[in-house]
Every structure is written in C-alpha cells, then in structure tokens.
Amino acid sequence: MPEAATAALIEKKPESMARMALPDMKGMDHSKMGQGTPAESAGSMKGMNHGGASAEKASSGDMGAMDHGDMQMQGGSAPADARDPHAYSGGYTLEDGPYALPGPRQLRLADEHNFASVMFNTLEHGLSKGDGTTAYDAQAWFGRDYNRFVLKAEGEVANGKIEDSRTEALWSRSIATHWDAQAGARIDHGTGPDRGWLAFGVQGLAPYWFEVDAAAYVGNGGRTALRLGAEYELLLTQRLILQPSAEVNIYGKDDLARGIGRGFSNAAAGLRLRYEISRQFAPYVGVERTALFGKTADIARSEGASTGGTRWVAGVRFWF
C-alpha cells in the first residue's frame, strides 16, 4: 500500500472509531429529554435527609456531608404502618372459624406434647476378686420440654440380694439451655436400715459436653449428703465410643448402721468402651475402680471389709 494512502487511513481511523462507539443521534430532539436538576440525576433517595448536602456534591457522588440522622436502621420498634402479620388469616384462628375442629384444639406444637424415655446407662455384670455383682444405673422421664417427672435408680445386686441401691423420684424443671433443676425424694435400700431424703439438684450438659448430675440431700435426724457425678462420651468412630465416668459422695453425719462416716465417703471412676449396634442398643466392656475414704474407710476396716477394689465389667446400654 502506498505510504500516502496509509497515512490517510491512519488520520481517518479516530473518526471511524468514534462513530462506532457513539451511535448516530442526529435527528433526536434532546429538548424533550428530562435532564432535571443535578440532584434528580443522582437518583431518587426517598426517606433520606439531603438537607445538609448541596446538589452539586450529591451529583458528584460525594455523600460525606449528608445528614444520616433521620435514617431508619433495622431493629427497634416496628413502624406505625408495618404490615399486620395476621392480616392475611381472614380472621381464622386455631380455635375459631369454619375450619376449626370441635372439642379441644387438635393442632399442637412440639412443646405441647408429652414425651417419655427410659434409659439404662449401665446394666452390667462385674467381677472383682472372683466375686460377681450385677449393677444398674437407669433413668426414666415423662413430660414436656420444661416440666418432667424423672425417676432415677442405681444399685448393686449380689447373691440375689440388693447390697446397695438409690432410687429418686424428682420433678424436673428446665432453667437454662441444657440444664434442669430437680427436686423430690430419695430412698436408700440395702445394707442397714432404709433411709429417706429430700433431694435438690441440677442435671445438664456442661461446657465441652460433660454430662453433670449434682444433688444435695436432707434426711431425718439432721443427716445431709452431697453427690456429684460426671461422664463424657469420646467418639472414637461413629459407633465405637469411650465413656469415662466418675462419682463422689459426701455425708454430713455418721450413719454407723449403714457403714457411713462423716465427710468424703466414697468415690468411683469407670471407663467403658461400647459399640453401638444402633443408637438405642450398645454392648460394652470396661473397668471400674471404687474406693472408700476417711471415717467410712475406718468403719470398713474395723468390720474386716475391703476399702476399695477394681471391677471388670461387661454389659449393655440401651434406651427407648
């Protein structure tokens, strides 16, 4: 291509590119276009107080000088013209209207139903120095989310007789997320005369997922007691679970008829490994160490009894 023709093409290129970028608007009547004021060109902002900002700044996008004091943010009371949430029900309610069923209200929410549960946390047979004992630890409840009747039972059976048992009938009231306050009665059977107690305590899930059960007791003759129990579930797999547990008992008065001394009386610590065939049925094996302390241990020694021991256990945990 000749150099002169190339130069002419280069000179005409900007003009042709401009025509490509901007369509030909010849013939358009721009007088009918509503350009409006600079503030209107910045867009409609109803509800905003623009009194403190100049139109020039608004049109340039600078909103730093705008008065946001009258802007309604989320939260707080609903405005006077807020929509009524019941405006579209047509006046019908759960207990009135052409579709309401006769008699008591049929539709109930989850916290308006009674539920029940029975759980045997442990039901096991243990061996210690050749002697076998059967132990159980169960809890049942009936009621709703906030109020329940709770029955707790724990004990040991040897040679067909109850050696020691604790049974509690409690009213349980939810006081916080994962926590219930409980009050009721407790009765002890087994060695020595039976004992009755008034019971007060809490049960729930502590931080880091520790199951905690703590209770204080008041009995006849000025007897008092305190029991603390805790356990944890460590998921080795989705079905194989290691469950450590511990329990201590403290008494405020000697009870020689039942072999109990004042103070820190006894403790038990266990470690059980279970396999959940289903969530509701899980066999397990484990070991448990028990010990007597203080005056309770002295009473046991004076009677020629052991003050502690290790039990190897095998059992099943189930609930329904």
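Residues numbered from 1 in each chain as written. Predicted model: local features only at pLDDT ≥ 70, side-chain atom pairs only at ≥ 80, totals over all residues. Heavy atoms only, no water.

(A) The pattern of salt bridges, seen in detail. Across all of its chains, the model carries 18 salt bridges by this definition. Where Arg 311 meets Glu 124, a salt bridge forms, and the shortest distance between an N and an O atom there is 3.7 Å. With Arg 311 in strand β13 (residues 308-319) and Glu 124 in strand β1 (residues 115-128), this residue pair connects regions lying 187 residues apart in the sequence. Note on Arg 311: relative accessible area 7%, which makes it buried. In this structure, a network of salt bridges that share partners links the residues Lys 152, Glu 154, Arg 166, Glu 168, Asp 213 and Arg 227. (Salt bridge = Lys/Arg side-chain N within 4 Å of Asp/Glu carboxyl O. Helix = DSSP H or I, 4+ residues; strand = E, 2+ residues; numbered from the N terminus. Buried < 20%, exposed > 50% of the residue type's maximum accessible area, 1.4 Å probe, protein only.)

(B) Quick look at the nonpolar core. Of all hydrophobic cores here, the largest spans nine residues; its members are Val 150, Leu 170, Trp 197, Ala 199, Ala 215, Tyr 217, Ala 225, Tyr 251 and Ile 260. Every element with two or more residues in this core is listed here: β6 (195-206) and β7 (210-219). In this structure, Leu 170 is in contact with Arg 148, Phe 149, Val 150, Lys 152, Gln 182, Ala 183, Gly 184, Ala 185 and Ala 199, ignoring residues within four places of it in sequence. (Core = buried A, V, L, I, M, F, W, Y, C linked by side-chain atoms within 4.5 Å. Contact = heavy atoms within 4.5 Å.)

(C) Expanded view of a nonpolar patch on the surface. Nonpolar side chains collect at one region of the surface, where Leu 226, Leu 228, Ile 250, Phe 264 and Phe 293 lie side by side and expose about 380 Å² of accessible area between them. By the element assignment, Leu 226 lies in strand β8 (residues 224-231). (Patch = residues over 30% accessible without salt bridge, like charges linked within 9 Å, V, L, I, M, F, W, Y side chains within 5 Å. Areas by Shrake-Rupley, 256 points an atom, 1.4 Å probe, with all protein chains shown as cover.)

(D) Up close: the pairing of strand β11 (residues 263-275). Direction of pairing for strand β10 (residues 240-251) relative to β11: antiparallel, over a ladder of twelve bridges. Residue pairing across strands places Glu 247 opposite Ala 268, the latter belonging to β11. Where β11 lies against strand β12 (residues 281-292), nine bridges are found, and the strand directions are antiparallel. Looking across to β12, one finds that Arg 274 is bridged to Tyr 284. The hairpin turn running from β11 into β12, its antiparallel successor, is five residues long. (Pairing = 2+ DSSP bridges.)

(E) Examining unusual backbone geometry more closely. The backbone of His 178 shows a phi angle near 75°, a positive value even though the residue is not glycine. Here His 178 shows up in the loop between β4 (161-176) and β5 (179-190). Despite not being glycine, Tyr 208 has its phi angle at roughly 70°, a positive value. Mapped onto the elements, Tyr 208 comes out in the loop between β6 and β7.

(F) Here's a closer look at helix α4 (residues 294-302). Along α4, the residues that are buried comprise Thr 296, Ala 297, Ile 299 and Ala 300. Seen from one end, α4 has its buried residues packed into an arc of 155°, which puts them on one side. In α4, those exposed residues whose orientation departs by more than 90 degrees from the buried face are Arg 301 and Ser 302. Within two residues after α4, Gly 304 carries a phi angle of roughly 75°, on the positive side. (Arc of directions from axis to C-beta.)

(G) Region of interest: the side chain of Glu 288. Along the chain, the position of Glu 288 falls in strand β12. Here the side chain of Glu 288 touches Arg 272 through a polar contact of 3.3 Å, side chain to side chain. (Polar contact = N/O pair within 3.5 Å; in protein donor to acceptor, adjacent residues only side chain to side chain.)

(H) Quick look at the confidence of the model for the chain. Per-residue confidence for the chain averages 80 on the pLDDT scale, and 76% of its residues sit at or above 70. Confidence over residues 1-65 falls short of pLDDT 50; this stretch has 20 contacts with residues more than four positions distant or in other chains. (pLDDT = per-residue confidence, 0-100.)

(I) Expanded view of the packing of aromatic side chains. Scanning the model with the defined rule gives five aromatic pairs in all. Their ring planes at 50° and their centres at 6.4 Å tell us that Trp 197 and Tyr 251 sit as a pair that is tilted. Of this pair, Trp 197 sits in strand β6 while Tyr 251 is found in strand β10, placing the two residues 54 residues apart along the sequence. Here Trp 197 and Tyr 251 have matching classes, each one buried. An aromatic cluster of three or more residues is present, and its members are Trp 197, Tyr 217 and Tyr 251. (Phe/Tyr/Trp six-rings, centres within 6.5 Å; stacked < 30°, edge-to-face > 60°.)

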